[in-house]
Structure formats: structure tokens, C-alpha cells
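# Residue-level structural notes
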Amino acid sequence: MKNQIPVQVTQFTKSLECDVNMKCFSYKIEHDYGLAPNPFHGYCTLAVCKSQIRANKNLEIGDWIIGVGSQALGNYGSVIFAMYLEEKLTFNEYWNDERFANKKPVVNGSLVQMYGDNFYHKENGKWIQEDSAHSKNNGINKDHLERDIGGKYVLISKNYYYFGRNSLKIPKQYMQISPLRGARSYQYRNIPEEVKNAFINWLKSTQIIGIHGEPTSWDKHISQSENKEWDNFLQWEKSLEQ
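A few points on the structure. (Residues numbered from 1 in each chain as written. Predicted model: local features only at pLDDT ≥ 70, side-chain atom pairs only at ≥ 80, totals over all residues. Heavy atoms only, no water.)

Inspection of the sheet shows strand S6 (residues 120–123) paired to strand S7 (residues 126–129) by four bridges, in the antiparallel sense. Across the sheet, His121 pairs through a bridge with Ile128, a residue of S7. Between S6 and S7, which pair antiparallel in sequence order, lie two residues; one of them, Asn124, sits at a positive phi of approximately 55 degrees. (Pairing = 2+ DSSP bridges. Helix = DSSP H or I, 4+ residues; strand = E, 2+ residues; numbered from the N terminus.)

Spelled out as C-alpha cells, the structure:
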């Protein structure tokens, strides 16, 4: 497989103890194609969708973004991903950063390539939406463009957990980390301090950093050959750790 992804680390590189000022932004995921978030190539990035979180003035480096299951995906009450926020870049900074060149989409490539999230930038003051999962066959999808760039920033982490279809069941004592059924799609103010800290410490002490499963929604259009490609990718990544 051609996708070159750095070695998956096996230990959280920050202190196990939570920062007293740390906030958790959690939201329900209803589509999980490896686009938002995009967990590939050694970084978890949130570049599109969830503009309310990406543009939130209270979101700071050192906070956590947590994507939980939903009724739509049939995995309500579970964690799909959690990322420790380490960088916030503008779209132009993201587009021009060589670290994220592999996240530029190839619409006729593999599923990993197809769902690249690095496709917005400005040229001569005009927004460009490259061919991607958010564009139309005949050009720009203005609805997606307006919503996506409204988020202002691309969120980036090398310390993240992505479970995808192998979503992790949230223990009962930490269920307040997940927005209630039928409630607004994201939250951060109403998560009790003790629940937030205990959940993050539980996650860091029991789980391994990196990718633990393919995106949940790939089942909708994955073929046998693509399934084999994913298996080959996991074997290749595992070989790099040895």
C-alpha cells in the first residue's frame, strides 16, 4: 500500500495527570469515513465539519476533542476518537505544511486517499475547494465550503486514539462525557470536572495511542479489494513497530 504513515506510538507522551484548566469538547459523530476526523499519516486532524468547535474562542491548546457514537451509527455510548489538541492552523498554513501533504485528497485513490481533509486554501484572496469528498463532480460545493471554512482552524494532534468501527464502550461512571440522546450535538461546559478528569486518565492509562480500527462508515461502500488493502496497511504499520 502506498500510504506512508509514521510509526504508531504506544504511549501517551504527555503527563498522565490532567491539566486543571483542560476542557473536553465532546460531540456525536453520525458519519465516520476517516474525513472528520482524519486519523491517518501519523496525525489526527479535524479540518472540516464541526465548525462550532473549531472556531470556538474557548478552545485552547491542551484541551481534548472527543467524538462519541450516535444512534445514527448504532454505537451510542461509545468513543470513536479522542485527540489531545496540540496545534491550531489556518487553512493556508495547513495546505502549505509539508507534514500534511499526504492528507491532500486523491479522489480516485484508495479510501485513505479519497478522504483526505486538506483541500481548502486561498489564492489571490479567493477560497479554493480542491476535488474532495466535500466537492461536487462538476465543481465547488458552496454549502460545504461555507460551513467548513466557518470553523477558521484545523485542529491537530499526534497524541490521539482512533477506534473507528471498534468504538470503545464508555464506562457508566463516565457517561456524562457524551451528549445525551436528542441533545445538541456537542458540549463542553456541562461536563463535571471530576468526570472529565477521570475519563481522560482512564483513557490514557488503559488504551494505546494510534489507530485501532477502520472508519465505521466504510462498510457502506467498501469492496473486498479495499478490505484487503486495509488489512495490508495494518500489517505494514505493525511491521514498522517491530
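Picking up after the structure, the text goes on.
By the criterion of burial, strand S1 (residues 24–28) is predominantly enclosed, with five of the five residues buried. Side chains Cys24, Ser26 and Lys28 of S1 all project onto a buried face; the interleaved residues Phe25 and Tyr27 project onto the opposite face, where all are buried too. Summarising the sheet, S1 and strand S3 (residues 64–68) pair through five bridges and their orientation is parallel. Across the sheet, the residue bridging to Lys28 is Val68, located in S3. Sheet topology note: the S1/strand S11 (residues 186–187) ladder contains two bridges and is antiparallel. When the bridges of S11 are listed, Tyr27 appears paired with Tyr186. (Buried < 20%, exposed > 50% of the residue type's maximum accessible area, 1.4 Å probe, protein only.)

Here we come to the packing of aromatic side chains. All told, the structure shown has 14 aromatic pairs when counted by the stated rule. Ring centres of Tyr33 and Tyr115 lie 5.3 Å apart, and the angle between their planes is 20 degrees; this geometry places the pair in the stacked category. Of the two residues, Tyr33 is situated in the loop between S1 and strand S2 (44–46) and Tyr115 in the loop between helix H3 (111–114) and S6; the sequence distance between them amounts to 82 residues. Judged by relative accessible area, Tyr33 falls into the partly exposed class, the value being 21%. Centroid distance Tyr94 to Phe100: 5.0 Å. Interplanar angle 45 degrees. Geometry classified as tilted. In this pair, the class of Tyr94 matches that of Phe100, namely buried. Through a chain of ring-to-ring contacts, three or more aromatic side chains come together here, namely Trp64, Tyr84, Tyr161 and Phe163. (Phe/Tyr/Trp six-rings, centres within 6.5 Å; stacked < 30°, edge-to-face > 60°.)

Now for the pattern of salt bridges. Once the charged atoms of two side chains with opposite charge are near each other, the side chains can pair. Tallied over the entire structure, the rule returns seven salt bridges. The residue Arg99 makes a salt bridge to Glu87 at a minimum N-O spacing of 2.8 Å. With Arg99 in the loop between helix H2 (91–96) and H3 and Glu87 in strand S5 (residues 87–89), the pair connects residues that are 12 residues apart, well separated along the chain. Glu87 sits in the partly exposed class, given a relative accessible area of 22%. Linked by salt bridges that have partners in common, Lys23, Glu60 and Asp63 make up one network. (Salt bridge = Lys/Arg side-chain N within 4 Å of Asp/Glu carboxyl O.)

On the basis of which strands lie adjacent, the open sheet formed by three strands has the order S2-S8-S5 and antiparallel pairing. One side of each edge strand has no neighbouring strand; the edge strands of this open sheet are S2 and S5. The average angle at which neighbouring strand axes cross in this sheet is 20 degrees, direction not considered. Judged from the three bridges that link them, S2 and strand S8 (residues 154–157) form a sheet pairing that is antiparallel. Each bridged residue has a counterpart across the sheet, and for Cys44 the counterpart in S8 is Ser157. (Axes fitted to C-alpha atoms, helices over the stretch in contact; angles between N-to-C directions.)

Function-wise, these values are silent; they only describe arrangement.
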